[in-house]
Amino acid sequence: AEHVGVGVHFNTLVPLQGRLIKYGVMSTASLEDDLLTWRHLYAAGRLHKPVAHLTPPHPRITPAQASNLRAATAAALLLLPPSFTTR
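The following refers to the structure shown.

Conventions and cut-offs
Residues numbered from 1 in each chain as written. Predicted model: local features only at pLDDT ≥ 70, side-chain atom pairs only at ≥ 80, totals over all residues. Heavy atoms only, no water. Axes fitted to C-alpha atoms, helices over the stretch in contact; angles between N-to-C directions. Helix = DSSP H or I, 4+ residues; strand = E, 2+ residues; numbered from the N terminus. Parallel < 35°, antiparallel > 145°, perpendicular 65-115°, else oblique. Left-handed = near helix turned anticlockwise from the far one by under 90°. Contact = heavy atoms within 4.5 Å. Nonpolar A, V, L, I, M, F, W, Y, C, P; charged D, E, K, R; others polar. Phe/Tyr/Trp six-rings, centres within 6.5 Å; stacked < 30°, edge-to-face > 60°. Lys NZ or Arg CZ within 6 Å of the ring centre and 35° of its normal. Buried < 20%, exposed > 50% of the residue type's maximum accessible area, 1.4 Å probe, protein only. Expected span 1.5 Å × (residues − 1). Arc of directions from axis to C-beta. Core = buried A, V, L, I, M, F, W, Y, C linked by side-chain atoms within 4.5 Å.

## Side note on the packing of helix α1 (residues 28-37) against helix α3 (residues 61-78)
For the pair α1 and α3, the least separation of the axes is 8 Å and the interaxial angle reads 25 degrees. Taken together, the axis directions place α1 and α3 in an arrangement best described as roughly parallel. By crossing handedness, the relation of α1 to α3 is classed as left-handed. Side by side, α1 and α3 meet where Thr-28, Leu-31, Glu-32, Leu-35 and Leu-36 of the first sit next to Ile-61, Ala-64, Gln-65, Ser-67 and Asn-68 of the second. Broken down by class, the residue content of the contact of α1 with α3 amounts to five nonpolar, four polar and one charged.

Have a look at this one:
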């Protein structure tokens, strides 16, 4: 899966504790690259919302994920219209 598409292999409809889950597997280097550069924005975009980690993240991923969320917040703020309401 590393050199096909965006480098993620997904397993879907996996039973876990009475629920069906979907999880993706990719190399640490590919994930870190997507989080920091938005090269594909596939994994980075999925990580803009809350996720559950099945294993503790690699030490390089935690700061990259924080950077990804800061960049997403900045992009969202830049895309706001000049005038808007919170309703």
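## Quick look at the packing of aromatic side chains
Centre distance and the angle of the planes are the two values used to describe a pair of aromatic rings. The tally for this structure, following the rule as stated, stands at one aromatic pair. One cation-aromatic arrangement involves Lys-22 over Phe-10; the distance from NZ or CZ to the ring centre is 4.9 Å.

## Brief notes about α1
Turning to α1, its buried residues number three or more, namely Ser-30, Leu-31, Glu-32, Asp-34 and Leu-35. Packing partners of the buried residues in α1 comprise α2 (43-46) and α3. Positioned one or two residues after α1, Trp-38 has a phi angle of 55 degrees, which is positive.

## Observations regarding α3
Its 18 residues give α3 an end-to-end C-alpha distance of 25 Å, which sits within 8% of 26 Å, the value for a rise of 1.5 Å per residue. Within the span of α3, buried status applies to Ile-61, Ala-64, Gln-65, Asn-68 and Ala-72. Buried residues of α3, seen end-on, are gathered within an arc of 100 degrees and therefore sit on one face of the element. With respect to the buried face of α3, the exposed residues turned more than 90 degrees away are Arg-70, Leu-77 and Leu-78.

## Describing the nonpolar core
Of all hydrophobic cores here, the largest spans seven residues; its members are Leu-31, Leu-35, Ala-43, Ala-44, Leu-47, Ile-61 and Ala-64. Sorting the residues of this core by element identifies α1, α2 and α3 as the ones contributing at least two each. Among residues more than four places away in sequence, those in contact with Leu-47 are Leu-31, Leu-35, Gln-65, Asn-68 and Leu-69.

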